[in-house]
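Coordinate analysis (summary)
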Amino acid sequence: MANSTLSKAKAGKKDEFYTQFYDIEAEMEAYLDYNPDVFRGKTVLLPCDDPEWSNFTKYFAQNFEELGLKKLISTSYAPDSKTYKGGTQLSLFETQSPKFDKDKTRTHGKIFVLTEDTTGDGVIDLDDLQWDYLEGDGDFRSDEVKKLRDEADIIITNPPFSLFREFFTWITEVNKEYVVIANKNCVTYKEVFSHIMNNKMWIGYHPMGQDMLFDVPQDFAKSLLESDKKGSKYRVINSVVKARSSSCWFTNIDHGHRHNPLPLMSMADNIKYSKHKDLKGIGYKSYDNFEAIEVTYTDAIPNDYNGIMGVPISFLDKYCPEQFEIVGITKTWFGMANKTYPKQIQVSKTGKKTVVTKLNDGPVMKQTKPVEGKVYYIVDGSYYTQGYARILIRKKQ
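Below is a summary of the structure that appears in this document.

1. Details of the sheet that holds strand β21 (residues 391–395)
Here we have four strands laid out as an open sheet, ordered β13-β14-β21-β15, and mixed in their pairing. Each having just a single partner strand, β13 (293–294) and β15 (324–329) make up the two edges of the open sheet. As defined by bridge partners, β13 adjoins strand β14 (residues 309–311) across two bridges and the pair is classed as parallel. Counted as the bridge partner of I293 is M309 from β14. Contacts from helix α9 (residues 190–197) reach β15 and β21 within the one sheet, and its direction differs from that of β15 by about 160°.

This is the structure we're talking about:
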């Protein structure tokens, strides 16, 4: 029970990661560069937000006219409904308003709407936001927020990490454009990968190889300083602790970066000139359980190979749909493996042996002998190693 409570607390804290203004601005600029009218005449919904403090609300409110928005809607989740109870701070915007209710502020979500110049200064911006308490707690799954979703043209947010599967279903069950932040490993989820494979969703502008930094509540920042090594889970910038997360943007809004073909060499040139020691002069290896070759590095994808290739997940932010097609993923649930292994003996780096069945979930390489310093598996006297999850691609013909 104690471990369960701790896990829920940690998950709740990760749901309180606040996106930096710079990251939002840089991402939206990429869509605007490709289509300057991408937001024009649109209603934008920012659910799972904290409008008074949110950089999402700030960005879209202060750029309302320049973007040509029709309407901006931002909603928050009631503090008492959150798993993580700390870090709540009321704004003067709320407490100095005649609408302020000290009870409702804990139990009800809030809604902020921007449509027109209410101050009479001739500009539509942050000062014109109108707010009220929602009838419920602001949960995105509520009928109240679903109605706002159905009204919107575009949904943009950093949803609770712990609820991403549910949130993804929530946005994809309706025909809306969206830009959302999630952990990179979400691409291996069955419901997510199907959208990527079918070119219904792709990675945003921010590189997958570059972790994102987030603002966090003070007590969480303190716990990071006390328990984690600097650079691993956090960074300190101008004396402010920023949580580090392997996250990226997922979207179905087009941007020019994804239509830039990768400059690649032939298979022969890669083997001859590659900067990678495990490829140069050695060549590409084939999987034992998939009809595909292993391509460990995106820059080593051969441009003249017509078969299937297993590439890192990080390939997706360089994926050009005009250059390659995605045909699968090396996960058991996808069902593309051509071989199933019986129970295996897993040998750890220290030589400890354990009977497992995990070899079936991922790409497998057959080895000629035990592999020193690495985890390997023994099946019927033969030796195998397992690689990371791979996206299976093929050159467009």
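2. Brief notes about a negative patch on the surface
A cluster of acidic residues, E25, E29, D33 and E66, forms a negative patch at the surface. With three residues, the single largest contributor to the negative patch is helix α2 (residues 21–34). Relative to the elements of secondary structure, E25 occurs in helix α2. Its relative accessible area of 34% is what places E25 among the partly exposed residues.

3. As for unusual backbone geometry
If you check the backbone angles, N199 has positive phi at about 60° while not being a glycine. With respect to the helices and strands, N199 occurs in the loop between α9 and β8 (202–203). Exposure remark for N199: the relative accessible area of 33% places this residue in the partly exposed category. The backbone of S239 shows a phi angle near 70°, a positive value even though the residue is not glycine.

4. Looking at the pairing of strand β9 (residues 212–215)
In this sheet, β9 lies alongside strand β1 (residues 18–19) in antiparallel orientation, the contact comprising two bridges. Bridge pairing in β9 places Y18 opposite D215. With four bridges joining them, β9 and strand β11 (residues 240–245) adopt antiparallel strand pairing. Within β11, the residue paired with M212 across the bridge is S245.

5. A look at helix α8 (residues 164–172)
Buried residues of α8: F164, F167, F168, W170 and I171, and no others. With its buried residues spanning 160° around the axis, α8 presents them on a single face. Against β2 (43–49), α7 (143–151), β6 (154–157), β7 (177–183) and α9 lie the buried residues of α8.

6. Examining the packing of α8 against α9
The geometry of α8 relative to α9 is characterised by a closest axis approach of 10 Å and an angle of 45° between their N-to-C directions. Regarding the angle of α8 to α9, the classification is oblique. Residues F164, R165, F168 and T172 of α8 touch α9, and the partners they reach there are E191, V192 and H195.

7. Some points on the packing of α2 against helix α3 (residues 55–62)
Put simply, α2 and α3 touch, their axes get as near as 9 Å, and they point 45° apart. If you check the angle between α2 and α3, you find them oblique. Considering how the two elements wind past one another, α2 and α3 form a crossing that is right-handed. Here F21, I24, E25, M28, E29 and L32 of α2 lie close against α3, whose contacting residues are N55, F56, K58, Y59, F60 and Q62. For the contact of α2 with α3, the per-class residue count stands at seven nonpolar, two polar and three charged.

8. As for the environment of K110
Tracing the chain through its elements places K110 in strand β4 (residues 110–114). Residues K110 and S74, 36 residues apart in the sequence, show an inter-C-alpha distance of 8.2 Å.

9. Points about the packing of aromatic side chains
In this description, a pair of aromatic rings is defined by centroid distance and the angle of the planes. Under the criterion given, the structure shown has 20 aromatic pairs. Here the aromatic rings of F140 and F167 are separated by 5.2 Å at their centres, their planes lie at 80°, and the arrangement is edge-to-face. Here F167 lies in helix α8 and F140 lies in the loop between β5 (130–133) and α7, a separation of 27 residues in the sequence. Classification of F167 by relative accessible area gives buried; the value is 0%. Ring geometry for F193 versus F334: centroids 5.9 Å apart, planes at 90°, classification edge-to-face. In this pair, F193 sits in helix α9 while F334 sits in the loop between β15 and β16 (344–347), placing the two residues 141 residues apart along the sequence. Exposure remark for F193: the relative accessible area of 1% places this residue in the buried category. Taking the relative accessible area as the measure of exposure, F334 reaches 25% and is therefore partly exposed. One Lys or Arg, K58, reaches over the ring of F21 and ends 5.5 Å from the middle of that ring. The residue whose ring lies beneath R165 is Y189, and the NZ or CZ to ring-centre distance is 3.6 Å.

Criteria and cut-off values
Residues numbered from 1 in each chain as written. Predicted model: local features only at pLDDT ≥ 70, side-chain atom pairs only at ≥ 80, totals over all residues. Heavy atoms only, no water. Pairing = 2+ DSSP bridges. Helix = DSSP H or I, 4+ residues; strand = E, 2+ residues; numbered from the N terminus. Contact = heavy atoms within 4.5 Å. Axes fitted to C-alpha atoms, helices over the stretch in contact; angles between N-to-C directions. Patch = residues over 30% accessible without salt bridge, like charges linked within 9 Å, V, L, I, M, F, W, Y side chains within 5 Å. Areas by Shrake-Rupley, 256 points an atom, 1.4 Å probe, with all protein chains shown as cover. Salt bridge = Lys/Arg side-chain N within 4 Å of Asp/Glu carboxyl O. Lys, Arg positive; Asp, Glu negative; His and termini not counted. Charge placed at Lys NZ, Arg CZ, Asp CG, Glu CD. Buried < 20%, exposed > 50% of the residue type's maximum accessible area, 1.4 Å probe, protein only. Arc of directions from axis to C-beta. Parallel < 35°, antiparallel > 145°, perpendicular 65-115°, else oblique. Left-handed = near helix turned anticlockwise from the far one by under 90°. Nonpolar A, V, L, I, M, F, W, Y, C, P; charged D, E, K, R; others polar. Phe/Tyr/Trp six-rings, centres within 6.5 Å; stacked < 30°, edge-to-face > 60°. Lys NZ or Arg CZ within 6 Å of the ring centre and 35° of its normal.

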